[in-house]
Amino acid sequence: MITREQIPTVLDHPVYDTSGTKIGDARHVFLDDVTGQPEWVSVKTGLFGTSESFVPIQDAAVVEDQLEVPYAKDKVKDAPNVDVDAGGHLSEQEEHRLYEYYGIGWDAAWQAQTGTGQTAATPQDAMTRSEEEMHVGTERREAGRVRLRKYVVTEEQQRTVPVRHEEVRVEREPITDANRGDAMAGPDISEAEHEVILHEEEPVVETRAVPKERVRLTTDEVTEEATVTGELRKERIEADEETGERGKPRR
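Computed from a predicted structure; not experimentally measured.

Definitions and limits used
Residues numbered from 1 in each chain as written. Predicted model: local features only at pLDDT ≥ 70, side-chain atom pairs only at ≥ 80, totals over all residues. Heavy atoms only, no water. Helix = DSSP H or I, 4+ residues; strand = E, 2+ residues; numbered from the N terminus. Contact = heavy atoms within 4.5 Å. Areas by Shrake-Rupley, 256 points an atom, 1.4 Å probe, with all protein chains shown as cover. Salt bridge = Lys/Arg side-chain N within 4 Å of Asp/Glu carboxyl O. Buried < 20%, exposed > 50% of the residue type's maximum accessible area, 1.4 Å probe, protein only. Core = buried A, V, L, I, M, F, W, Y, C linked by side-chain atoms within 4.5 Å. Lys, Arg positive; Asp, Glu negative; His and termini not counted. Polar contact = N/O pair within 3.5 Å; in protein donor to acceptor, adjacent residues only side chain to side chain. Pairing = 2+ DSSP bridges.

Caption draft 1: Fine view of the overall build of the protein. Counting secondary structure elements, the protein contains five helices and seven strands. Taking the intrachain contacts of the protein between residues at least 6 apart in sequence as the baseline, contacts between residues at least 24 apart amount to 59%. With the model as given, the accessible surface of the protein reaches about 21900 Å², and the carbon-plus-sulfur share is 45%.

Caption draft 2: Layout of the pattern of salt bridges. Per the counting criterion, the structure on display carries eight salt bridges. One salt bridge in this structure joins Arg145 and Glu142, with 3.1 Å as the shortest N-O distance. In this pair, the class of Arg145 matches that of Glu142, namely exposed. For the salt bridge of Glu171 with Arg169, the shortest nitrogen-to-oxygen distance reads 2.7 Å.

Caption draft 3: Spotlight on the nonpolar core. Ranked by size, the top nonpolar core spans 28 residues in total, and within it Val29, Trp40, Val41, Val55, Leu67, Val69 and Tyr102 carry the most contacts. Contributions of two or more residues to this core are made by helix 1 (7-10), strand 2 (22-32), strand 3 (38-45), strand 4 (51-56) and helix 3 (92-101). For this core, the leading source of residues is strand 2, giving five residues. Leaving out residues up to four positions away in the same chain, Leu67 has contacts with Ile2, Val10, Pro14, Val15, Tyr16, Val41, Ile57, Ala60, Ala61 and Val62.

Caption draft 4: Local environment of unusual backbone geometry. Within the chain, Asp12 stands out as a residue other than glycine whose phi angle is a positive 65°. Among the secondary structure elements, Asp12 is positioned in the loop between helix 1 and strand 1 (14-16). Take Asp12: its relative accessible area is 55%, and that puts it in the exposed class. For Glu64, which is not glycine, the phi torsion reads 55° and is therefore positive. Counting through the fold element by element, Glu64 comes out in the loop between strand 5 (61-63) and strand 6 (66-68). Residue Glu64 is classed as exposed on the basis of its relative accessible area, which comes to 72%.

Caption draft 5: Region of interest: the side chain of Asp17. You can see Asp17 is positioned in the loop between strand 1 and strand 2. In this structure Asp17 is buried but unpaired, with Lys73 as the nearest side chain of opposite charge at 7.3 Å. A distance of 2.8 Å separates a polar side-chain atom of Asp17 from the backbone nitrogen of Thr21. Each residue touching Asp17, except ones within four places of it in the same chain, is listed here: Ile23, Val69, Tyr71, Ala72 and Lys73.

Caption draft 6: Expanded view of the pairing of strand 2. Most of strand 2 is tucked away, with eight of its 11 residues classed as buried. Pairing of strand 1 with strand 2, which is carried by three bridges, proceeds in the antiparallel orientation. The residue bridging Tyr16 from the neighbouring strand is Lys22, located in strand 2. What sits between the antiparallel neighbours strand 1 and strand 2 is a turn of five residues, in which Gly20 has the positive phi angle 85°. Note: strand 2 against strand 3, six bridges, orientation antiparallel. Bridge assignment links Asp25 to a residue of strand 3, and that residue is Lys44. Between strand 2 and strand 3, which follow one another and run antiparallel, lie five residues, and Gly36 among them has a positive phi close to 75°.

Caption draft 7: How the structure looks around the side chain of Asn179. Looking at where Asn179 falls in the secondary structure, it is placed in the loop between strand 7 (118-121) and helix 5 (180-183). A polar contact is formed between the side chain of Asn179 and the backbone nitrogen of Thr176, at a distance of 2.6 Å. Those residues in contact with Asn179, other than ones at most four positions away along the chain, are Glu173 and Pro174.

Right, dumping it as C-alpha coordinates:
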(Lines give C-alpha, C1' and ligand atoms only; values in the text may rest on other atoms or scores of the structure.)
Protein backbone atom coordinates (compact mmCIF):
# COMPACT_ATOMS: atom_id res chain seq x y z
CA MET A 1 0.00 0.00 0.00
CA ILE A 2 1.25 3.49 -0.76
CA THR A 3 1.31 6.29 1.79
CA ARG A 4 -0.35 9.68 1.61
CA GLU A 5 3.09 11.23 1.08
CA GLN A 6 3.53 9.17 -2.09
CA ILE A 7 0.29 10.38 -3.70
CA PRO A 8 1.97 13.26 -5.62
CA THR A 9 4.41 10.71 -7.04
CA VAL A 10 1.54 8.54 -8.26
CA LEU A 11 -0.95 10.99 -9.76
CA ASP A 12 -0.61 11.53 -13.54
CA HIS A 13 2.19 8.98 -13.66
CA PRO A 14 2.27 5.55 -15.35
CA VAL A 15 0.72 2.45 -13.80
CA TYR A 16 2.24 -0.91 -14.77
CA ASP A 17 0.91 -4.45 -14.37
CA THR A 18 2.64 -7.62 -13.14
CA SER A 19 4.43 -8.20 -16.47
CA GLY A 20 5.76 -4.65 -16.75
CA THR A 21 3.14 -3.56 -19.30
CA LYS A 22 1.81 -0.04 -18.98
CA ILE A 23 -1.89 0.02 -18.10
CA GLY A 24 -2.38 3.76 -18.21
CA ASP A 25 -1.86 6.85 -16.05
CA ALA A 26 -3.09 7.30 -12.49
CA ARG A 27 -5.98 9.78 -12.35
CA HIS A 28 -7.23 9.81 -8.73
CA VAL A 29 -6.30 8.16 -5.44
CA PHE A 30 -9.23 7.29 -3.16
CA LEU A 31 -8.76 7.38 0.62
CA ASP A 32 -10.48 5.47 3.37
CA ASP A 33 -12.77 7.92 5.20
CA VAL A 34 -11.86 6.49 8.61
CA THR A 35 -8.16 5.68 8.38
CA GLY A 36 -7.30 8.27 5.73
CA GLN A 37 -5.07 5.76 3.96
CA PRO A 38 -5.04 5.28 0.15
CA GLU A 39 -7.22 2.31 -0.90
CA TRP A 40 -8.01 2.71 -4.62
CA VAL A 41 -6.47 4.34 -7.67
CA SER A 42 -8.33 5.17 -10.86
CA VAL A 43 -6.32 4.56 -14.03
CA LYS A 44 -6.98 6.21 -17.40
CA THR A 45 -7.23 3.34 -19.90
CA GLY A 46 -8.70 2.73 -23.31
CA LEU A 47 -7.88 4.50 -26.54
CA PHE A 48 -6.24 7.85 -25.72
CA GLY A 49 -7.17 7.35 -22.04
CA THR A 50 -10.88 7.89 -22.57
CA SER A 51 -12.04 5.71 -19.64
CA GLU A 52 -10.99 5.03 -16.06
CA SER A 53 -10.65 1.72 -14.22
CA PHE A 54 -10.36 1.25 -10.47
CA VAL A 55 -7.50 -0.78 -8.95
CA PRO A 56 -6.93 -1.63 -5.29
CA ILE A 57 -3.53 -0.46 -4.12
CA GLN A 58 -3.21 -2.33 -0.84
CA ASP A 59 -0.51 -4.48 -2.49
CA ALA A 60 0.78 -1.86 -4.94
CA ALA A 61 4.29 -0.43 -4.86
CA VAL A 62 5.82 2.86 -6.00
CA VAL A 63 8.97 2.31 -8.04
CA GLU A 64 10.73 5.58 -8.88
CA ASP A 65 7.92 7.66 -10.44
CA GLN A 66 5.56 4.85 -11.42
CA LEU A 67 3.04 2.62 -9.68
CA GLU A 68 3.15 -1.16 -10.01
CA VAL A 69 0.00 -3.17 -9.22
CA PRO A 70 -0.27 -6.98 -8.85
CA TYR A 71 -2.88 -7.35 -11.61
CA ALA A 72 -2.70 -7.93 -15.36
CA LYS A 73 -3.53 -5.11 -17.75
CA ASP A 74 -6.59 -6.88 -19.18
CA LYS A 75 -7.86 -7.55 -15.65
CA VAL A 76 -7.75 -3.85 -14.83
CA LYS A 77 -9.28 -2.73 -18.15
CA ASP A 78 -12.21 -5.15 -17.67
CA ALA A 79 -12.95 -3.96 -14.14
CA PRO A 80 -16.61 -2.96 -13.46
CA ASN A 81 -17.57 0.59 -14.27
CA VAL A 82 -18.49 2.42 -11.10
CA ASP A 83 -20.03 5.81 -10.41
CA VAL A 84 -18.41 8.34 -8.13
CA ASP A 85 -20.81 10.81 -6.54
CA ALA A 86 -20.39 14.58 -6.65
CA GLY A 87 -18.46 14.54 -3.38
CA GLY A 88 -15.85 12.16 -4.74
CA HIS A 89 -17.09 9.07 -2.84
CA LEU A 90 -17.42 5.41 -3.77
CA SER A 91 -20.66 3.95 -2.55
CA GLU A 92 -20.63 0.82 -0.42
CA GLN A 93 -22.25 -1.15 -3.24
CA GLU A 94 -19.73 -0.01 -5.86
CA GLU A 95 -16.84 -0.73 -3.55
CA HIS A 96 -18.24 -4.19 -2.82
CA ARG A 97 -18.44 -4.91 -6.57
CA LEU A 98 -14.81 -3.94 -7.02
CA TYR A 99 -13.60 -6.06 -4.10
CA GLU A 100 -15.54 -9.02 -5.42
CA TYR A 101 -14.13 -8.56 -8.95
CA TYR A 102 -10.54 -8.48 -7.70
CA GLY A 103 -11.14 -11.45 -5.39
CA ILE A 104 -10.52 -9.53 -2.18
CA GLY A 105 -12.49 -10.72 0.88
CA TRP A 106 -15.15 -8.36 2.23
CA ASP A 107 -14.71 -7.91 5.95
CA ALA A 108 -18.07 -7.15 7.54
CA ALA A 109 -16.51 -5.46 10.55
CA TRP A 110 -14.35 -3.25 8.32
CA GLN A 111 -17.39 -2.49 6.18
CA ALA A 112 -19.38 -1.36 9.20
CA GLN A 113 -16.49 0.78 10.39
CA THR A 114 -15.82 2.60 7.14
CA GLY A 115 -19.46 3.23 6.32
CA THR A 116 -19.62 5.35 3.20
CA GLY A 117 -16.50 4.01 1.55
CA GLN A 118 -13.65 5.97 0.01
CA THR A 119 -13.03 9.57 -0.90
CA ALA A 120 -10.99 10.74 -3.87
CA ALA A 121 -7.80 12.50 -2.79
CA THR A 122 -6.30 15.27 -4.82
CA PRO A 123 -3.34 16.63 -2.82
CA GLN A 124 -3.09 20.42 -2.60
CA ASP A 125 0.41 20.76 -1.23
CA ALA A 126 2.38 19.96 -4.38
CA MET A 127 2.04 19.43 -8.10
CA THR A 128 4.43 18.68 -10.91
CA ARG A 129 5.36 21.40 -13.40
CA SER A 130 6.77 20.27 -16.73
CA GLU A 131 8.21 22.02 -19.71
CA GLU A 132 9.50 20.96 -23.09
CA GLU A 133 13.20 20.99 -23.91
CA MET A 134 14.71 21.21 -27.35
CA HIS A 135 16.98 18.36 -28.39
CA VAL A 136 18.61 19.00 -31.72
CA GLY A 137 20.26 16.25 -33.72
CA THR A 138 21.06 15.49 -37.33
CA GLU A 139 19.79 12.94 -39.76
CA ARG A 140 21.42 11.89 -43.00
CA ARG A 141 19.37 12.32 -46.17
CA GLU A 142 20.01 12.27 -49.89
CA ALA A 143 20.79 15.77 -51.17
CA GLY A 144 21.52 14.99 -54.81
CA ARG A 145 23.31 12.69 -57.23
CA VAL A 146 26.34 13.17 -59.48
CA ARG A 147 27.06 10.91 -62.45
CA LEU A 148 30.10 10.54 -64.65
CA ARG A 149 29.03 10.60 -68.33
CA LYS A 150 31.42 10.03 -71.21
CA TYR A 151 30.62 11.35 -74.69
CA VAL A 152 32.53 11.83 -77.95
CA VAL A 153 33.35 15.17 -79.57
CA THR A 154 35.12 15.70 -82.92
CA GLU A 155 37.69 18.40 -83.42
CA GLU A 156 40.06 19.29 -86.25
CA GLN A 157 43.81 19.15 -85.87
CA GLN A 158 46.53 20.23 -88.30
CA ARG A 159 49.92 18.60 -88.49
CA THR A 160 52.76 19.28 -90.93
CA VAL A 161 54.77 16.30 -92.14
CA PRO A 162 57.55 16.17 -94.81
CA VAL A 163 56.62 14.37 -98.06
CA ARG A 164 59.06 13.40 -100.81
CA HIS A 165 58.66 13.03 -104.56
CA GLU A 166 60.93 12.19 -107.46
CA GLU A 167 61.81 14.59 -110.28
CA VAL A 168 63.60 13.84 -113.60
CA ARG A 169 67.02 15.27 -114.25
CA VAL A 170 68.77 14.76 -117.62
CA GLU A 171 72.40 13.82 -117.32
CA ARG A 172 74.76 13.88 -120.26
CA GLU A 173 78.18 12.28 -120.35
CA PRO A 174 80.74 12.42 -123.15
CA ILE A 175 81.93 9.30 -124.99
CA THR A 176 85.21 8.09 -123.62
CA ASP A 177 87.32 5.02 -124.03
CA ALA A 178 85.70 3.69 -120.84
CA ASN A 179 82.10 3.81 -122.11
CA ARG A 180 82.63 3.59 -125.81
CA GLY A 181 81.69 -0.07 -125.89
CA ASP A 182 78.28 0.58 -124.29
CA ALA A 183 77.63 3.48 -126.62
CA MET A 184 78.35 1.47 -129.77
CA ALA A 185 76.21 -1.53 -128.70
CA GLY A 186 73.07 -0.26 -130.41
CA PRO A 187 72.31 0.60 -134.04
CA ASP A 188 74.05 3.51 -135.56
CA ILE A 189 71.01 5.69 -136.23
CA SER A 190 67.53 4.79 -134.95
CA GLU A 191 64.54 5.98 -132.98
CA ALA A 192 64.07 4.86 -129.34
CA GLU A 193 62.22 5.70 -126.11
CA HIS A 194 63.23 5.22 -122.50
CA GLU A 195 60.71 5.51 -119.67
CA VAL A 196 61.42 6.38 -116.03
CA ILE A 197 58.77 5.92 -113.29
CA LEU A 198 58.54 8.78 -110.85
CA HIS A 199 57.46 8.28 -107.17
CA GLU A 200 56.12 10.62 -104.55
CA GLU A 201 54.91 10.42 -100.91
CA GLU A 202 51.51 11.59 -99.74
CA PRO A 203 50.34 12.18 -96.14
CA VAL A 204 48.18 9.42 -94.59
CA VAL A 205 45.98 10.03 -91.54
CA GLU A 206 45.43 7.16 -89.11
CA THR A 207 43.63 7.47 -85.72
CA ARG A 208 44.00 5.19 -82.73
CA ALA A 209 42.52 5.32 -79.19
CA VAL A 210 45.13 6.09 -76.55
CA PRO A 211 44.32 6.11 -72.77
CA LYS A 212 45.01 9.57 -71.37
CA GLU A 213 43.66 9.72 -67.78
CA ARG A 214 41.43 8.05 -65.17
CA VAL A 215 38.45 10.02 -63.79
CA ARG A 216 36.52 9.01 -60.67
CA LEU A 217 34.02 10.57 -58.24
CA THR A 218 34.95 11.13 -54.60
CA THR A 219 33.10 12.91 -51.79
CA ASP A 220 34.46 15.38 -49.25
CA GLU A 221 32.60 16.00 -45.98
CA VAL A 222 32.18 19.69 -45.23
CA THR A 223 30.86 20.94 -41.88
CA GLU A 224 28.88 24.14 -41.68
CA GLU A 225 26.66 25.79 -39.10
CA ALA A 226 22.86 25.47 -39.39
CA THR A 227 20.37 27.28 -37.16
CA VAL A 228 17.05 25.64 -36.25
CA THR A 229 14.06 27.22 -34.54
CA GLY A 230 11.35 25.42 -32.58
CA GLU A 231 8.49 26.28 -30.26
CA LEU A 232 8.66 24.90 -26.73
CA ARG A 233 5.78 24.72 -24.29
CA LYS A 234 6.12 25.04 -20.55
CA GLU A 235 3.69 24.85 -17.68
CA ARG A 236 3.27 27.61 -15.14
CA ILE A 237 1.69 27.20 -11.75
CA GLU A 238 -0.35 29.87 -10.01
CA ALA A 239 -2.12 29.63 -6.69
CA ASP A 240 -5.87 30.32 -6.59
CA GLU A 241 -7.34 30.41 -3.12
CA GLU A 242 -10.91 29.21 -2.71
CA THR A 243 -12.98 27.92 0.16
CA GLY A 244 -14.55 24.51 -0.34
CA GLU A 245 -17.32 22.83 1.63
CA ARG A 246 -15.81 21.36 4.75
CA GLY A 247 -15.17 17.65 4.55
CA LYS A 248 -15.14 17.55 0.72
CA PRO A 249 -11.95 17.51 -1.31
CA ARG A 250 -10.99 20.24 -3.76
CA ARG A 251 -10.69 18.82 -7.28
